[in-house]
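These are the residues of each chain, in order.
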Amino acid sequence: MRIVLFGDLHLYQLAVWPWQLLGKRLLGQTNLWLNRRNRFRIDLCDILAEKILSLNPDAILGTGDLTTTSLKDEFLAARKWIQQLRHACPVHLVPGNHDRYTFTSARQRYFERYLSDAQDIGFPYHNTLSPNLHLIGLDAAGPRCLLSWGKLGNEQCRRFDKILNQIPESKEHPLIIMCHYSLGSPSNCHQEPPSHGLRDLPQLTKILQNHSRPILYLHGHVHEPWLWRPDKLPHVIALNAGAPVFTTPRFPMGQGFWELDFADPSNFQYTHHALAPDNTWQSESLTPPSETGLSATLQGIT
Ligand SMILES: [Fe+2]
Ligand SMILES: [Fe+2]
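On a predicted model such as this, the values are computed, not experimentally measured, just so you know. (Residues numbered from 1 in each chain as written. Chains lettered and ligands numbered in written order. Predicted model: local features only at pLDDT ≥ 70, side-chain atom pairs only at ≥ 80, totals over all residues. Heavy atoms only, no water.)

Caption draft 1: Focus on the layout of surface pockets. Considering only enclosed or pocket space, the largest pocket measures out at about 390 Å³ in volume. Around the largest pocket, the lining is made up of 21 residues, and of these Asn 31, Arg 36, His 98, Tyr 101 and Ser 148 lie nearest the centre. In terms of residue class, the lining of the largest pocket is made up of six nonpolar, 11 polar and four charged. Residue contributions to the lining of the second largest pocket peak at three residues, all from helix α4 (residues 103-107). (1 Å grid on protein atoms, 1.4 Å probe; cavity = no way out; pocket = protein on both sides within 12 Å on 5 of 7 lines; lining within 4 Å. Points joined across faces, edges and corners; volume = space filled by probe spheres on them. Nonpolar A, V, L, I, M, F, W, Y, C, P; charged D, E, K, R; others polar. Helix = DSSP H or I, 4+ residues; strand = E, 2+ residues; numbered from the N terminus.)

Caption draft 2: Region of interest: the environment of Ala 274. Its place among the elements puts Ala 274 in strand β11 (residues 269-275). Overall, Ala 274 belongs to the buried group, its relative accessible area being 2%. Separated by 182 residues in the primary sequence, Ala 274 and His 92 place their C-alpha atoms 22 Å from one another. Not counting residues up to four positions away in its chain, the partners in contact with Ala 274 are Phe 251, Gly 254, Gly 256, Thr 280, Trp 281, Gln 282 and Ile 301. (Buried < 20%, exposed > 50% of the residue type's maximum accessible area, 1.4 Å probe, protein only. Contact = heavy atoms within 4.5 Å.)

Caption draft 3: Structural context of the coordination of the iron ion (ligand 1). Donor atoms from the polypeptide that bind the iron ion (ligand 1) are Asp 65 (OD), Asn 97 (OD1), His 180 (NE2) and His 221 (ND1), placed at 2.1 to 2.2 Å. Metal-centred angles of 88 to 160 degrees between the four donor atoms at the iron ion (ligand 1) mark the site as irregular. A separation of 3.4 Å is found between the iron ion (ligand 1) and the iron ion (ligand 2), which are bridged by Asp 65. Of this pair, His 180 sits in the loop between β6 (175-178) and α7 (201-209) while His 221 sits in the loop between β7 (215-219) and β8 (226-228), and the two are 41 residues apart along the sequence. Taken individually, His 180 and His 221 each receive the classification buried, so the pair is uniform in this respect. (Donors = N, O, S within 2.8 Å, 3.2 Å for Na, K, Ca; no water. Tetrahedral: all angles 85-135°; square planar, octahedral: opposite > 155°, others 65-115°.)

Written out as structure tokens, the structure is:
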């Protein structure tokens, strides 16, 4: 079984009508014009899709923030990009805070209308990727006035716990949980401030602690790919998808994406793919650390 994981794509549109700039979008769009447009190479999305499809994945997972300020046109572009992947295999997504950027976009359910697979409506959703491989999608994204914190809420936590109790334990297959928000930051990576994190992280941590099976937790939101075992959760491997077309000194052509191979259930393979300046892809295999606290080190483009 081969799974591809991608993170914060952040498609955007530079030209907007003045009346679309009401409320928080004015902040987001200004940040886009002054800063974000120089770091996010959305012109690389086609080559990204081509590479993902060349791997012949059995499933593709996306951890949200496909858009930037939740404009309808951004969702239409994201849908077009996702459709080409859906022709090859199932694509499961969860929303990011930028997909619910304004109160109107959340109320109009743009994410569900334009991007959700029919099976994934309603959160938490529970799907099977193969007979023994379960996927649970969580939704912590919502419009906030200024900050970008997330919240699952008591009801979703209760239903999530119930689903976990219903899935038979299997040491051979980890349960995959996908949410836009992280389980904290490894001490050797960027430290996420509380105003950017999950408000009910203690509640989520407690639920995960009550289930000792191997868990693979997939997320995005912090634009830095990492692979670690969070403090207090040694049975959980947390994988940060990163932002595929976000350029940094270590990833000058975007942070790429992950390939997860489950050929041997007791030995999962984690491979990170990133584009080099000469338009070739560089791949790096990583092994999750056996201890909590630190992320395995990605070399980046060399
Ligand atoms: Fe985000
Ligand atoms: Fe993001």
